[in-house]
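What the coordinates show
The chain contents come next:
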Amino acid sequence: MISLDQTTCRSWIKEMLQAAGTHQEAAHRAADIFVRSSLRQTGHHDISYLPQRLELLQRGTIIPAGKMELLFDTPAFSRWDGHGALGEYNCSLLLEKTMEKAKQLGLAMGTVRHSNHFLAGHPYGQIAAEKGCMAIVWSNTDPCMG
């Protein structure tokens, strides 16, 4: 079993992502998702993906400076463009914005296009539960996935 100092780990991941060019908010949100995923100790979709993310940022496959853009908005639905940014940033920001809507109406839905892999789905459900919400999070993927 691995002992994980959450504060140190979040800070370290955030610094690594910012050194790779991500903006502060993206690095902060992604670090939180990486730590939450790692604390589950399933051995995948966690901090073990950080070297891959850093490489993809360096190559420009993931856009380091990418920021979400609101494309369409109603009281219960929003559609965003992630502009190739970190999936962890895009999904956690989308979750936050969608929960704000759901707290007003009881139910809301948000979508994001032009995003990237967002690690495991568990952290997003955990964040929602901590805020008194329920979340269903999914993504498209390669055809090899069931």
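For the structure itself, consult the block above.
Residues numbered from 1 in each chain as written. Predicted model: local features only at pLDDT ≥ 70, side-chain atom pairs only at ≥ 80, totals over all residues. Heavy atoms only, no water.

It is worth spelling out the packing of helix α1 (residues 6–19) against helix α3 (residues 50–59) at this point. Where α1 contacts α3, the axes come no closer than 10 Å and their chain directions differ by 20°. If you check the angle between α1 and α3, you find them roughly parallel. Relative to α3, α1 is oriented so that their crossing is right-handed. Judged by residue contacts, Trp12, Ile13, Met16 and Leu17 of α1 engage Leu50, Leu54 and Leu57 from α3. Taken together, the residues of the contact of α1 with α3 break down into 7 nonpolar, no polar and no charged. (Axes fitted to C-alpha atoms, helices over the stretch in contact; angles between N-to-C directions. Helix = DSSP H or I, 4+ residues; strand = E, 2+ residues; numbered from the N terminus. Parallel < 35°, antiparallel > 145°, perpendicular 65-115°, else oblique. Left-handed = near helix turned anticlockwise from the far one by under 90°. Contact = heavy atoms within 4.5 Å. Nonpolar A, V, L, I, M, F, W, Y, C, P; charged D, E, K, R; others polar.)

Its 16 residues give helix α2 (residues 24–39) an end-to-end C-alpha distance of 23 Å, which sits within 8% of 22 Å, the value for a rise of 1.5 Å per residue. In terms of burial, α2 is largely enclosed, as 12 of its 16 residues are buried. Listing the buried residues of α2 in full gives Ala26, Ala27, Arg29, Ala30, Ala31, Asp32, Ile33, Phe34, Val35, Arg36, Ser37 and Ser38. Following α2 by one or two positions, Gln41 has its phi on the positive side, about 55°. (Expected span 1.5 Å × (residues − 1). Buried < 20%, exposed > 50% of the residue type's maximum accessible area, 1.4 Å probe, protein only.)

Further remarks concern the environment of Ala120. Secondary-structure assignment places Ala120 in the loop between β3 (109–113) and α5 (122–130). Between the alpha carbons of Ala120 and Thr7 there is a distance of 20 Å; along the sequence they are 113 residues apart. Setting aside its immediate chain neighbours within four residues, Ala120 contacts Ser37 and His45.

The subject of this paragraph is the nonpolar core. Soluble globular proteins tend to bury their nonpolar side chains together. The biggest cluster of nonpolar side chains holds 31 residues, and the ones touching the most others in it are Ile13, Leu17, Leu86 and Tyr89. For this core, the elements supplying multiple residues, two or more each, are α1, α2, α3, α4 (87–105) and α5. Looking at this core, the element that brings in the most residues is α2, giving 7 residues. Each residue touching Tyr89, except ones within four places of it in the same chain, is listed here: His23, Glu25, Ala26, Arg29, Gly66, Lys67 and Met68. (Core = buried A, V, L, I, M, F, W, Y, C linked by side-chain atoms within 4.5 Å.)

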